[in-house]
Structure formats: C-alpha cells, structure tokens
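Breakdown of the fold
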Amino acid sequence: MGSNSSRIGDLPKNEYLKKLSGTESVSENDPFWNQLLSFSFPAPTSSTELKLLEEATISVCRSLVENNPRTGNFGALIKVFLSRTKELKLSAECQNHIFIWQTHNALFIICCLLKVFICEMSEEELQLHFTYEDKSPGSYSSDSEDLLEELLCCLMQLITDIPLLDITYEISVEAVSTMVVFLSCQLFHKEVLRQSISHKYLMQGRCLPYTSKLVKTLLYNFIRQEKPPPPGAHVFPQQSEAGGLLYGLASGVATGLWTVFTLGGVGSKAAATPELSSPLANQSLLLLLVLANLTDAADAPNPYKQAIMSFKNTQDSSPFPSSVPHAFQINFNSLYTALCEQQTSDQATLLLYTLLHQNSNVRTYMLARTDMENLVLPILEILYHVEERNSHHVYMALIILLILTEDDGFNRSIHEVILKNITWYSERVLTEISLGSLLILVVIRTIQYNMTRTRDKYLHTNCLAALANMSAQFRSLHQYAAQRIISLFSLLSKKHNKVLEQATQSLRGSLSSNDTPLPDYAQDLNVIEEVIRMMLEIINSCLTNSLHHNPNLVYALLYKRDLFEQFRTHPSFQDIMQNIDLVITFFSSRLLQAGAELSVERVLEIIKQGVVALPKDRLKAVPPGPSHSASADPTSPSISGVCHVDLGGTLW
C-alpha cells in the first residue's frame with residue numbers, strides 16, 4: 001500500500017502487499033513496516049464496493065497463505081502491531097496521529113487477512129499460521145509464547161483501556177470488528193462449535209480476567225451511541241471527499257458477518273440496513289450478542305453470559321453474592337433509554353430480549369418503570385409493521401411482550417397509561433387510547449396478518465398467549481379494541497365452519513371413491529378448535545375478573561351474540577361458554593325490558609347499571625389452561641420462533 005493514496009483496483013499490484021505475501025521474510029524491525037502501514041484510500045460506502053475490496057485482495061491473501069509457513073510474515077505483522085499497542089495509550093494522550101494511524105492500519109490488514117484465513121482453512125491450520133517463523137520451510141515456534149492468545153488479549157485491552165477520542169475512534173471500531181471476525185468460525189460449520197480454539201482462549205487463561213470489563217465497555221458503547229468524528233478530526237490523511245480510511249472500511253470487514261450474525265440476515269424478509277449513526281455502538285452490540293451466545297465449555301460455563309445475567313444497577317448498593325462471578329454495575333436508566341431508542345434494529349431487540357429473559361435485575365427494574373410506554377410503543381411498532389420486518393424481529397418483539405405480560409403489575413399499569421394521536425396506526429384514527437387497548441389492537445392485527453399471509457403455527461399461539469396473560473387485568477377497553485376481539489372470534493368461527501364443511505364434503509366423496517387419499521381435516525379441526533377455545537378463555541377471563549371495568553366488551557358481545565350460538569352445545573366449549581352465555585342472556589333481557597330503538601349511549605348506560613345488578617357468584621371460575629410464558633427452552637413453542645420459524649401446518 002505505502003504512503004500514497006491507493007485505489008481498490010490497484011491493490012493486487014501493490015509492491016508492499018506483494019512483499020508481505022511473497023517468498024521473502026521481513027524482520028519485525030525492518031523499515032518496510034512503516035512504509036506498508038502508511039496508506040489511505042477512500043473507504044467502501046456500499047456492499048458492492050466492499051465486495052470489490054475483498055475480490056481485489058483475495059489473491060494477496062492466498063499468496064500469503066501459501067508462503068507464510070516459510071516466511072512467518074503474518075506472525076511478524078502481528079508482532080509489529082502488538083509492539084505498537086504498548087504505546088497506544090501514551091500516543092492518544094500525546095495526540096500522536098501518525099502512530100495511531102499506522103497502528104490502526106496494521107490491525108486493519110490483520111483483520112482482512114483473518115477473514116480470508118477463517119473462510120478458507122480449519123481452526124487448526126489458522127492456529128499454525130500464528131506460529132510460523134522465519135526458519136526452514138514449514139517449521140514453527142516452540143516457544144511458550146502464544147501469539148493468537150496474545151492478540152486476543154491485546155484486542156480486549158484495546159477495547160477496554162484505550163480512551164475513546166476522535167483519534168482513537170476508528171481503531172476502537174476495528175478492534176471490535178476483528179474480534180467479531182475471530183468468532184466467525186461458526187459460520188463455516190454446520191454443527192455447533194463446542195471446542196473452538198478462539199472460544200477456549202476467550203473463556204479461560206489470560207483473557208478471562210477481562211470478561212466483566214469487556215461486557216461493561218460494550219454495553220456502554222451501545223448506550224452512548226458515539227458518532228464517528230467529523231472529517232476534520234480524522235486521524236488519517238485526507239485524500240478525497242470520502243476521507244481516507246474511514247470507519248466504513250474499518251467496520252466493513254465484518255459487514256458480511258454482521259448480516260448473518262444479526263437475525264435480519266436470515267429472516268423470511270431481509271431487514272433494511274440501518275443507517276449507522278454509530279458504527280462503534282453497532283459493532284459493540286454485535287460482539288456482545290455473539291459473546292453472550294457462545295457455547296459453554298466442557299468444564300466451565302460461558303463467562304460472558306454469566307456477566308450479562310448478573311450485572312446490576314449502579315444505584316444498587318447491595319453486595320454481590322460470592323457465587324456470582326464476573327459481576328459489575330451499570331447505569332440502568334441510561335441502558336433503558338438506549339434500549340427504548342434503538343428498537344428499530346433487530347440486534348437491539350435481541351439485546352432487550354436477552355436482558356429481560358436472563359437478567360432478573362434488569363427485568364425487575366424495567367417492570368417498575370412508570371414510563372413503560374417508551375419501551376412498549378417501539379415494540380408494538382415492530383409488530384404493527386410486520387410486513388416490513390423479518391420474521392425473527394417480529395418473533396423477538398412478540399416474545400418480549402409475552403415476558404412483560406407475565407407480570408400482573410404490568411398488565412394493570414398499561415391500562416392506566418393514556419396515549420394521544422398514535423400516528424403510525426393507520427386503520428383508524430386513535431385520538432385517545434390506553435396503552436393496554438393499543439397493545440390488544442396490535443396483537444390482534446398480527447394474528448390476522450398471520451392467518452392470511454405467513455400461516456405460522458406458533459405465531460398466533462404466542463399472540464393469543466400474550467392476550468390470555470393480560471385478560472384478567474383488562475380495564476376500560478377502548479370500544480375499537482373490544483370490537484376487534486369479537487371480530488377476531490368471528491373470523492375464527494368462519495374458518496371453523498369452512499373446515500367443518502370441507503371435512504363433511506370430503507367424507508361424502510370418500511363413500512363413492514376409495515382410491516383418493518383424504519386430507520387430514522380432523523387435525524385441522526382440532527387445531528382451530530384449540531385456538532377458538534383460547535379466544536373464549538380470553539373473553540371469559542375478562543368477564544369473570546373485570547366485567548364491571550369493560551362495558552365496551554359487553555356491548556360488542558351483545559352486538560355479535562349470534563356468533564356464539566353454535567358453540568353453546570359444542571362438547572369442546574360447553575364449560576367455557578357458560579359464563580359468556582350467562583352474560584349475553586342477562587344483558588339481552590335488560591335491553592329487551594328497556595324497549596327498542598336504543599342509542600349507543602343508552603345501551604352502554606344499561607350495561608353499566610346491569611353490571612352492578614349481576615351477582616358475582618353467578619360467574620363460575622373456569623380452570624385455567626396451560627400457563628402462557630416465555631420459556632427458556634429453545635425447543636418449546638413459546639420460544640422456538642426466536643431460533644427458527646415453522647411455516648408448516650395447514651390450519652389457515
């Protein structure tokens with residue numbers, strides 16, 4: 001590369017890269033390294049340009065793979081980088097731009113090479129490339145020094161210890177990106193890696209003491225959302241309007257990995273690439289999620305997962321239990337604010353899910369907040385715009401709601417929060433509605449979308465589970481929310497009748513032909529009846545526990561009372577229909593006594609008066625169905641959508 005500005009197309013012919021990858025060994029003390037590391041060129045600004053960079057450098061990388069066993073130049077490059085990082089903190093304090101610039105460039109080249117190495121060789125072969133030295137062909141160092149472990153430790157120190165300044169921003173991003181590349185070995189293995197070399201180094205030995213400090217730093221990087229420095233503050237010489245080797249190239253090395261690691265890369269619909277206002281925050285979040293999901297070692301649990309599970313609020317002065325390793329404290333208010341603001345990205349939603357599910361301190365804090373609408377509204381927007389989101393993002397948002405609705409305090413409080421002018425809800429103008437009613441509307445809309453589009457067996461189950469969790473605490477339901485509950489039941493009823501009719505016709509046809517295999521309508525009927533029962537349980541739970549709070553639901557029931565007639569004598573629904581039938585009969589008789597041609601206002605008044613007159617003991621408690629919770633078991637229906645989406649089944 002050298003001191004002149006380079007173009008991507010010129011890289012395969014660059015004399016310095018040729019020497020690095022060639023057959024001649026280069027000593028760590030050779031002036032060549034200063035020449036090699038004094039480069040700058042406009043950063044890729046798109047995936048197309050990034051692909052061009054990879055294609056331009058692949059021949060250089062492969063040449064190094066072939067010659068490195070004899071030259072040891074890859075190890076020499078790493079040693080040059082390691083020696084420079086020892087002075088990096090002092091260089092930042094002294095504003096030594098050139099030194100930091102060259103150190104960054106060394107790490108950038110290492111990251112590019114690692115990406116190719118990991119793509120094209122096994123971990124064992126990769127480890128050998130860290131040991132080759134300038135000796136006889138194929139020989140390697142037998143010293144106790146482990147260059148791979150030293151590089152990983154150095155990256156962790158760089159991320160946690162180097163102050164974040166304008167002149168250190170890019171190298172901080174590059175250090176995080178390089179660690180992501182190190183952990184990308186899983187992408188090239190179908191089975192789960194349980195004996196990964198890089199995992200081993202990160203989970204024990206010299207890297208282990210940095211666990212809590214690294215997790216804390218990555219979280220604060222996400223919280224602070226530090227933007228890259230303005231062009232005038234860049235470390236690198238400016239050669240064009242694009243501005244030298246900007247952050248795009250630093251983080252760009254891992255862009256392909258990013259797309260796959262974040263759930264948006266493999267969903268049913270590709271996620272729109274967010275504008276990276278803070279590359280450091282985005283890359284830090286990616287690394288944090290990857291570390292949190294590393295497989296436990298055979299003899300020890302994942303320390304990064306332990307750290308994420310156990311950290312607590314800076315305002316919590318209680319001592320950590322001695323049994324909790326890698327514990328630390330962080331400002332929960334700042335974390336909560338960042339999570340509320342960043343839910344447009346699926347990786348931020350995955351972090352929110354991870355913390356709610358695994359860290360009881362975070363979950364308790366969030367459920368105690370008096371401004372839960374700041375968190376719930378972005379989650380509802382994800383579900384509302386289901387057509388624009390990938391399936392993983394939708395599932396994570398839904399599981400988050402499921403976790404929140406397990407808490408009775410949450411279910412009560414959301415009906416006390418009044419919202420005005422929800423502009424993103426376009427089906428109907430909502431000038432004033434409670435957060436609880438809005439949540440019901442969005443979940444029902446998601447169910448109806450699933451019935452007509454994705455037909456995912458578990459999506460509607462989890463949606464109904466969230467409604468079931470809330471149903472006993474329904475309060476002052478908005479008239480539109482009450483209407484949508486009954487409309488959903490109407491839709492399910494029509495589906496039930498249609499499947500029943502198809503089954504009847506199929507049975508008649510089978511009497512005249514024994515050759516044609518029959519569709520399994522019995523299974524379809526069982527599934528849809530299970531869903532109908534869940535809907536009846538939701539309605540029944542609301543009537544039993546909070547009838548006096550929900551005149552609009554009673555009104556909607558009476559308006560569509562004919563819908564429920566067919567289920568009164570159905571053996572699958574007789575028990576659950578008793579209370580609903582009682583409410584319909586009781587209030588219908590009171591309306592009949594009041595006369596005909598009643599206004600909406602008069603009907604609601606009669607309902608409110610009737611609620612007081614209806615003896616509470618006449619409504620019988622129905623034994624609840626299975627509890628609806630967000631299970632930690634990745635194979636259970638409640639959680640499986642986070643890992644994969646089952647689009648099978650013929651229900652809809």
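Residues numbered from 1 in each chain as written. Predicted model: local features only at pLDDT ≥ 70, side-chain atom pairs only at ≥ 80, totals over all residues. Heavy atoms only, no water.

Within an unreviewed UniProt entry, the label attached to the chain reads Dymeclin, and the organism entered is Equus caballus. Taken verbatim from the UniProt record of the chain, the Sequence similarities (unreviewed entry) comment is "Belongs to the dymeclin family." (UniProt positions renumbered as here; feature names shortened; annotations may be inferred.)

Side note on the overall build of the chain
Check the secondary structure of the chain and you find 29 helices and four strands. Going through the 652 residues of the chain one by one, you find that 54% of them count as buried. Within the chain, counting contacts between residues at least 6 apart in sequence, those at least 24 apart form 75% of the total. Just so you have it, the chain exposes about 28800 Å², and 50% of that area is on carbon and sulfur atoms. (Helix = DSSP H or I, 4+ residues; strand = E, 2+ residues; numbered from the N terminus. Buried < 20%, exposed > 50% of the residue type's maximum accessible area, 1.4 Å probe, protein only. Contact = heavy atoms within 4.5 Å. Areas by Shrake-Rupley, 256 points an atom, 1.4 Å probe, with all protein chains shown as cover.)

Section: helix H8 (residues 147–161)
For H8, with 15 residues, the first-to-last C-alpha span of 20 Å sits near the 21 Å given by 1.5 Å per residue. Of all 15 residues that make up H8, 13 are buried, and the element is covered over most of its length. One side-chain oxygen of the residue at the start of H8 lies 3.2 Å from the amide nitrogen of Leu148, identifying that residue as Asp146. (Expected span 1.5 Å × (residues − 1). Polar contact = N/O pair within 3.5 Å; in protein donor to acceptor, adjacent residues only side chain to side chain.)

Some remarks on empty space enclosed by the protein
Taken as a whole and assessed by the stated rule, the structure comprises two cavities of 30 Å³ or more. Computed from the structure, the second largest cavity encloses a volume of approximately 40 Å³. Taken together, Glu123, Leu126, Gln127, Leu148, Phe182, Ile197 and Ser198 make up the full set of residues lining the second largest cavity. A total of three residues in the lining of the second largest cavity trace back to one element, the largest contributor, which is helix H7 (residues 123–129). In the lining of the second largest cavity, the residues fall into four nonpolar, two polar and one charged. (1 Å grid on protein atoms, 1.4 Å probe; cavity = no way out; pocket = protein on both sides within 12 Å on 5 of 7 lines; lining within 4 Å. Points joined across faces, edges and corners; volume = space filled by probe spheres on them. Nonpolar A, V, L, I, M, F, W, Y, C, P; charged D, E, K, R; others polar.)

Digging into the nonpolar core
Within the largest apolar cluster, 203 residues are counted, with the highest numbers of intra-cluster contacts made by Phe130, Tyr425, Leu438, Ile485 and Phe564. Counting residues per element, this core draws most heavily on helix H6 (residues 97–120), which supplies 13 residues. Ignoring any residue separated from it by four or fewer positions in sequence, one finds Phe130 in contact with Phe74, Ile78, Leu114, Leu147, Leu148, Leu151 and Phe182. (Core = buried A, V, L, I, M, F, W, Y, C linked by side-chain atoms within 4.5 Å.)

Some words on the environment of Cys185
Here Cys185 is to be found in the loop between helix H9 (169–182) and helix H10 (197–203). When the C-alpha atoms of Cys185 and Ser196 are compared, they prove to be 8.1 Å apart, with eleven residues separating the residues in sequence. Ignoring anything within four residues of it in the chain, the contact list for Cys185 reads Ile118, Glu123 and Leu193.

Let's talk about the pattern of salt bridges
Summed over all chains, the structure comprises 13 salt bridges. The closest approach of N and O atoms between Lys213 and Asp161, which form a salt bridge, is 2.7 Å. Taken together, the residues span a long stretch of sequence, with Lys213 in helix H11 (residues 211–224) and Asp161 in helix H8 at a distance of 52 residues. Here Arg568 makes a salt bridge to Asp581, at a shortest N to O gap of 3.3 Å. Within this pair, whereas Arg568 is found in the loop between helix H26 (551–559) and helix H27 (574–594), its partner Asp581 is found in helix H27, the two being separated by 13 residues in sequence. (Salt bridge = Lys/Arg side-chain N within 4 Å of Asp/Glu carboxyl O.)

Regarding unusual backbone geometry
Positive phi outside glycine occurs at His326, with the angle close to 60°. In this structure, His326 sits in the loop between strand S1 (312–313) and strand S2 (329–330). One non-glycine residue, Ser476, lies in the positive phi region at around 45°. With relative accessibility at 54%, the residue Ser476 sits in the exposed group.

Some thoughts on helix H15 (residues 303–310)
Of all the residues in H15, the buried ones are Pro303, Tyr304, Ala307, Ile308 and Ser310. Where H15 begins, the side chain of Asn302 points an oxygen toward the backbone nitrogen of Tyr304, at a separation of 2.9 Å.

Focus: the state of the cysteines
As enumerated under the stated definition, the model contains zero disulfides in all. Left unpaired, Cys119 is separated from the closest cysteine sulfur, that of Cys185, by 9.5 Å. Judged by its relative accessible area of 39%, Cys119 falls in the partly exposed class. (Disulfide = S-S within 2.5 Å.)

Comments concerning the packing of aromatic side chains
In the structure shown here, the tally under the stated rule is 17 aromatic pairs. Consider the rings of Phe32 and Trp33, whose centres lie 5.1 Å apart with planes at 65°: the pair is edge-to-face. In this structure, Phe32 and Trp33 share a single accessibility class: buried. Among the aromatic side chains, those forming a connected cluster through ring pairs are Phe311, Phe328, Phe332, Tyr336 and Tyr365. In this structure, Lys312 packs its charged tip against the face of Phe320, placed 4.1 Å from the ring centre. Above the face of the Tyr384 ring, Arg445 is positioned so that its terminal group lies 4.1 Å from the ring centre. (Phe/Tyr/Trp six-rings, centres within 6.5 Å; stacked < 30°, edge-to-face > 60°. Lys NZ or Arg CZ within 6 Å of the ring centre and 35° of its normal.)

Things to note about the environment of Ser318
Summarising the element assignment, Ser318 is placed in the loop between S1 and S2. Relative accessible area serves as the criterion here: at 36%, Ser318 is assigned to the partly exposed category. Separated by 2.6 Å, the side chains of Ser318 and Asp316 make a polar contact.

Some remarks on the packing of H11 against H15
Here H11 crosses H15 at 60°, and the two axes come no closer than 9 Å. Between H11 and H15, the angle is such that the two are oblique. You can see that H11 and H15 cross each other, and the crossing is right-handed. Each of Thr211, Leu214 and Val215 in H11 lies in contact with H15, whose residues at this interface are Pro303, Tyr304, Ala307 and Ile308. Along the lines of polarity and charge, the residues of the contact of H11 with H15 split into six nonpolar, one polar and no charged. (Axes fitted to C-alpha atoms, helices over the stretch in contact; angles between N-to-C directions. Parallel < 35°, antiparallel > 145°, perpendicular 65-115°, else oblique. Left-handed = near helix turned anticlockwise from the far one by under 90°.)

Considering the side chain of Asn390
Relative to the helices and strands, Asn390 is located in the loop between helix H19 (373–384) and helix H20 (391–404). Among the polar contacts listed, one links the side chain of Asn390 to the backbone nitrogen of His392, at a separation of 3.0 Å. Looking at Asn390, its side chain comes within polar contact range of the main-chain nitrogen of His393, at 2.9 Å.

What to know about the side chain of His415
In this fold, His415 is placed in the loop between helix H21 (408–413) and strand S3 (418–420). Among the residues examined, His415 registers a relative accessible area of 8% and is labelled buried. Within the structure, the side chain of His415 is placed 3.3 Å from the backbone oxygen of Arg475, a separation counted as a polar contact. Residues in contact with His415, not counting those within four places in the same chain, are Ser434, Gly436, Ser437, Ile440, Met470, Gln473, Phe474, Arg475 and Leu477.

Brief notes about the environment of Leu598
Mapped onto the secondary structure, Leu598 falls in the loop between H27 and helix H28 (600–613). In this structure Leu598 comes out as partly exposed when scored by relative accessible area, which is 28%. Once residues lying within four places of it in the same chain are set aside, the contact partners of Leu598 are Leu591, Val603 and Ile606.

With respect to the confidence of the model for the chain
A residue-level look at the chain finds 83% of positions with pLDDT of 70 or above and a mean pLDDT of 82. Ignoring residues within four places in sequence, the model shows residues 237–268, a span with pLDDT below 50, making 99 contacts including any to other chains. (pLDDT = per-residue confidence, 0-100.)

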